[in-house]
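Spelled out, the chains give:
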Amino acid sequence: MGRKFFVGGNWKCNGTTDQVEKIVKTLNEGNVPSSDVVEVVVSPPYVFLPVVKSQLRQEFQVAAQNCWVKKGGAFTGEISAEMLVNLGVPWVILGHSERRALLGESNEFVGDKVAFALSQGLKVIACVGETLEEREAGSTMDVVAAQTKAIAEKIKDWSNVVLAYEPVWAIGTGKVATPAQAQEVHASLRDWVKINVSPEVSESTRIIYGGSVTAANCKELAAQPDVDGFLVGGASLKPEFIDIINAAAV
Ligand SMILES: O=C[C@H](O)COP(=O)(O)O
């Protein structure tokens, strides 16, 4: 199949310069598989991107946690895709559920952002996932499909996209999806992409899981055939992130 395992660390809105440098030191000293085996991307807050990029071991990459939906200009407080490219930041996380829920980002807005970021040369970690209410109502796959469709309608080339399935009820709650729950949604999502985009894109696109991933649960999740990696929040700030990077290594 050849989908390289992908581990993203989303630091969210955390850190001081000292803390960030400490995390980078831990990452730099960690024993991890070669970048041929695992792709590692860490996502500090915007303001720390330059320092992290300059200090981080070369085989690890950085991602921004968001970017503006179109070309920069009179958009106070926003950061444009062109600026990230200019800084040499290769990746951006888009559509994270915290932004969807707290900042009202709609499926369509996220689709537009993904399309614009790709057009500028960024690689995108695009997040989808259902709330607890939606899961309990049995609409998990409808929600995930609608979020993915809004992206699929706006892009043609999926080679620079990683899909992150992050059930909202599992984010920061310690309530991780079981390996079977994660596999079920990942397989359905891969199927959706096969039918609605193409079999090739479905085969090659990495679908990673996010939501209370820790050193303790990552191996079992990583063993699922359609789990191609992780997007880690809380645990990416801790030394156990190194264990998570090693999750797929046998
Ligand atoms: O982007 C990462 C996710 O929101 C997961 O966060 P968490 O690992 O703290 O649950």
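One can find the structure itself at the top, above this paragraph.
Residues numbered from 1 in each chain as written. Predicted model: local features only at pLDDT ≥ 70, side-chain atom pairs only at ≥ 80, totals over all residues. Heavy atoms only, no water.

A. Highlighting the pattern of salt bridges. This structure, assessed with the given rule, holds 14 salt bridges. Between Glu203 and Arg3 there is a salt bridge; the shortest N-O distance is 3.8 Å. Placement of Glu203 in helix H9 (residues 199-204) and of Arg3 in the segment before strand E1 (5-10) is noted, with a sequence separation of 200 residues between them. The class for Glu203 is partly exposed, based on a relative accessible area of 37%. Residues joined in a network through salt bridges with shared partners are Arg3, Arg190, Glu203, Asp226 and Asp228. (Salt bridge = Lys/Arg side-chain N within 4 Å of Asp/Glu carboxyl O. Helix = DSSP H or I, 4+ residues; strand = E, 2+ residues; numbered from the N terminus. Buried < 20%, exposed > 50% of the residue type's maximum accessible area, 1.4 Å probe, protein only.)

B. Local environment of the site of the ligand. Surrounding the ligand, one finds 13 residues, the nearest of these being Lys12, His96, Gly172, Ser212 and Gly234. Contacts to the ligand include Ser212, whose backbone N or O atom sits 2.7 Å from an oxygen atom. Between the ligand and Gly233, the relevant distance is 2.9 Å, taken from an oxygen atom to a main-chain nitrogen or oxygen of the residue. About the coverage of the ligand: the protein hides 95% of its 310 Å² of free accessible area. A majority-of-atoms criterion places the ligand in the second largest pocket. Tallied by class, the residues present in the shell around the ligand amount to four nonpolar, seven polar and two charged. (Near = heavy atom within 4 Å. Polar contact = N/O pair within 3.5 Å; in protein donor to acceptor, adjacent residues only side chain to side chain. Areas by Shrake-Rupley, 256 points an atom, 1.4 Å probe, with all protein chains shown as cover. 1 Å grid on protein atoms, 1.4 Å probe; cavity = no way out; pocket = protein on both sides within 12 Å on 5 of 7 lines; lining within 4 Å. Sits in = over half its atoms within 2 Å of the grid points. Nonpolar A, V, L, I, M, F, W, Y, C, P; charged D, E, K, R; others polar.)

C. Inspection of the environment of Tyr209 at higher detail. As for its placement among the helices and strands, Tyr209 is situated in strand E7 (residues 207-210). Judged by its relative accessible area of 0%, Tyr209 is buried. Put simply, Tyr209 and Ala247 are 38 residues apart on the chain and 13 Å apart in space, counted from C-alpha to C-alpha. If sequence neighbours within four positions are ignored, Tyr209 has contacts with Tyr165, Pro167, Ala170, Val176, Ala177, Ala182, His186, Leu221, Val227, Gly229, Phe230 and Leu231. At a separation of 2.8 Å, a polar atom in the side chain of Tyr209 contacts the main-chain carbonyl oxygen of Gly211. (Contact = heavy atoms within 4.5 Å.)

D. The arrangement of the pairing of E7 in detail. Burial of E7 is two-sided: the residues Ile207 and Tyr209 facing one way and the residues Ile208 and Gly210 facing the other way are all buried. Sheet topology places E7 next to strand E8 (residues 229-232); two bridges connect them, and they run parallel. Across the sheet, residue Tyr209 finds its bridge partner in E8, namely Phe230. (Pairing = 2+ DSSP bridges.)

E. Structural context of the nonpolar core. Counting 67 residues, the largest nonpolar core has Leu27, Val52, Val92, Val114, Tyr209, Phe230 and Ile245 as the members making the most contacts within it. Leave out the neighbours within four places in its chain, and Ile245 touches Val7, Val32, Pro33, Val38, Val40 and Phe60. Of all hydrophobic cores here, the second largest spans eleven residues; its members include Ala63, Ile93, Val162 and Leu231. (Core = buried A, V, L, I, M, F, W, Y, C linked by side-chain atoms within 4.5 Å.)

F. Just the sheet that holds E1, in detail. Here eight strands make up a closed barrel; going around it, the order is E1-E2-E3-E4-E5-E6-E7-E8 and the pairing parallel. Strand-to-strand twist across the sheet, computed as the mean angle between neighbouring axes with direction ignored, equals 25 degrees. Most of the contacts of helix H8 (residues 179-196) go to E7, to which it runs at about 145 degrees, and overall it touches strand E5 (123-128), strand E6 (161-165) and E7. (Axes fitted to C-alpha atoms, helices over the stretch in contact; angles between N-to-C directions.)

G. Geometry of unusual backbone geometry. Positioned with a positive phi, Lys12 is a non-glycine residue whose angle comes to about 50 degrees. Note that Lys12 resides in the loop between E1 and helix H1 (17-29). Phi angles above zero are rare outside glycine, and Ser212 is one such case at about 55 degrees. Structurally, Ser212 can be placed in the loop between E7 and helix H10 (218-222).

H. View of the pairing of strand E2 (residues 38-43). With respect to burial, E2 is a largely interior element, six of its six residues being buried. Of the two faces of E2, the one lined by Val38, Val40 and Val42 and the one lined by Glu39, Val41 and Ser43 are each fully buried. Bridging between E1 and E2 involves six bridges; their strand directions are parallel. Following the sheet pairing, Phe6 is matched in E2 by Glu39. Strand direction decides the pairing type here: E2 and strand E3 (residues 61-64), joined by two bridges, are parallel. Within E3, the residue paired with Val42 across the bridge is Val62. With helix H2 (residues 49-55) bridging E2 and its parallel neighbour E3, the resulting β-α-β unit is right-handed. (Right-handed = clockwise from strand over helix to strand, strands pointing away.)

I. The arrangement of the layout of surface pockets in detail. Size it by volume and the largest pocket reaches roughly 350 Å³. Looking at the lining of the largest pocket, the element that brings in the most residues is helix H4 (residues 97-102), giving three residues. Its residues assigned to classes, the lining of the largest pocket shows six nonpolar, five polar and four charged. Counted as a void, the second largest pocket has a volume near 220 Å³. (Points joined across faces, edges and corners; volume = space filled by probe spheres on them.)

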